[in-house]
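Residues per chain are reported as follows:
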Amino acid sequence: MKALVAVKRVVDANVKVRVKPDNSGVDLTNVKMSINPFDEIAVEEAVRLKEKGTVTEIVVVSIGPKEAQEQIRSAMALGADRGILVEADDSQLGALEVAKILKGVVEAEQPELILLGKQAIDDDSNQVGQMLGALLGAGQGTFASVVKVEGTTVQVTREIDGGLQTVELNTPAIITTDLRLNEPRYAALPNIMKARKKPLDTKTPADFGVTSTTKLKTVKVEPPAERKAGVQVKSVDELVEKLKNEAKVI
């Protein structure tokens, strides 16, 4: 069984982002970039399935600038076998364009499992997995917290508002990973060195018949409003009065 894992290059989750002075976007100057945390969970799940003998090959794909090779190499250091970089200006790509490119990669690679994070921490759109499922006509298990593979079927336990839901999918199946699925490992130094020699192919959106021009436009980016300082109250009556007249929540 072959697994295809999609990873996105994003600002490291530990970095405090800065908005550009003209509010056109986020300032990426000298900022540490990493694999999207949800995608890293997808990589870890694929590696665990390979260690169990369920998956025989892991192909990691990233769509973005040339620098995204770093994130592909990181995924290969964690256990992926080879990588594909679809080189494109990611500012010109929306969720639909990304899904169309991934559809082309899936059709070329013919994996039984397609794993990706449920969302990216930069745009939080949570759309690519669902769009890819619609384009491929494939079953999907989103927000996965447990994944069990038995032959040509996959059981995915999903986190939903009311609790947990388990769905059974036939392969090829799309799985979008949630935080509680696993805890990604750290790459050992020998594996980091080995990852440099693993094969990495470079493609373009045109290779998959996609024009990398999104119909979405970022109008303005603003930092969140600063949180106001808290106040201390001397009595329950004063607290109720402030909640009623100032906060207006009761």
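Residues numbered from 1 in each chain as written. Predicted model: local features only at pLDDT ≥ 70, side-chain atom pairs only at ≥ 80, totals over all residues. Heavy atoms only, no water.

### Here's the deal with the UniProt feature "domain: Electron transfer flavoprotein alpha/beta-subunit N-terminal" (unreviewed entry) in the chain
So, step 1. Summarizing the sequence annotation, UniProt attributes the feature "domain: Electron transfer flavoprotein alpha/beta-subunit N-terminal" (unreviewed entry) to residues 23-212 in the numbering used throughout.
So, step 2. Helix makes up 29% of residues 23-212 and strand makes up 32%, while its end C-alpha atoms are separated by 24 Å. (UniProt positions renumbered as here; feature names shortened; annotations may be inferred. Helix = DSSP H or I, 4+ residues; strand = E, 2+ residues; numbered from the N terminus.)

### With respect to the pairing of strand 7 (residues 82-87)
So, step 1. Burial analysis of strand 7 places five of its six residues in the buried class, which makes it a mostly covered element.
So, step 2. Relative to strand 7, strand 6 (residues 57-64) is paired through six bridges, and the arrangement is parallel. Bridging across to strand 7, Gly 64 finds its partner in Glu 87.
So, step 3. Following the chain from strand 6 across helix 2 (residues 69-78) to the adjacent parallel strand 7, one finds a crossover that is right-handed.
So, step 4. Relative to strand 13 (residues 200-203), strand 7 runs parallel, the two sharing four bridges. For Val 86, the partnering residue across the bridge sits in strand 13 and is Lys 203. (Buried < 20%, exposed > 50% of the residue type's maximum accessible area, 1.4 Å probe, protein only. Pairing = 2+ DSSP bridges. Right-handed = clockwise from strand over helix to strand, strands pointing away.)

### What to know about unusual backbone geometry
Negative phi values dominate among residues other than glycine, just as trans dominates among peptide bonds.
So, step 1. Cis geometry marks the peptide bond from Thr 171 to Pro 172; its omega dihedral reads 0 degrees.
So, step 2. Along the chain, Pro 172 falls in the loop between strand 11 (163-170) and strand 12 (173-177).
So, step 3. Phi is positive for Asn 30, close to 55 degrees, though the residue is something other than glycine.
So, step 4. Summarising the element assignment, Asn 30 is placed in the loop between strand 4 (26-27) and strand 5 (33-35).

### Overview of the environment of Met 1
So, step 1. Within the fold, Met 1 resides in the segment before strand 1 (2-7).
So, step 2. Taking the C-alpha atoms as reference points, Met 1 and Ala 75, separated by 74 residues in sequence, lie 19 Å from one another.
So, step 3. Apart from residues no more than four positions distant in its own chain, Met 1 is found in contact with Thr 54, Val 55, Thr 56, Glu 57, Glu 112, Leu 113, Val 149, Gly 151 and Thr 171. (Contact = heavy atoms within 4.5 Å.)

### Focus: the pattern of salt bridges
In a structure, side chains of opposite charge can pair up when their charged atoms sit close to one another.
So, step 1. Taken as a whole and judged by the stated rule, the model has 17 salt bridges.
So, step 2. With its nearest N and O atoms 2.7 Å apart, the salt bridge here joins Glu 57 to Arg 82. With a gap of 25 residues between them, Glu 57 in strand 6 and Arg 82 in strand 7 connect regions that are remote in the sequence.
So, step 3. A relative accessible area of 23% places Glu 57 in the partly exposed class.
So, step 4. Here Glu 246 makes a salt bridge to Lys 242, at a shortest N to O gap of 3.2 Å.
So, step 5. Residue Glu 246 is classed as exposed on the basis of its relative accessible area of 54%.
So, step 6. Judged by relative accessible area, which is 22%, Lys 242 ranks as partly exposed.
So, step 7. A network of salt bridges, in which partner residues are shared, links Lys 2, Glu 57, Arg 82 and Glu 109. (Salt bridge = Lys/Arg side-chain N within 4 Å of Asp/Glu carboxyl O.)

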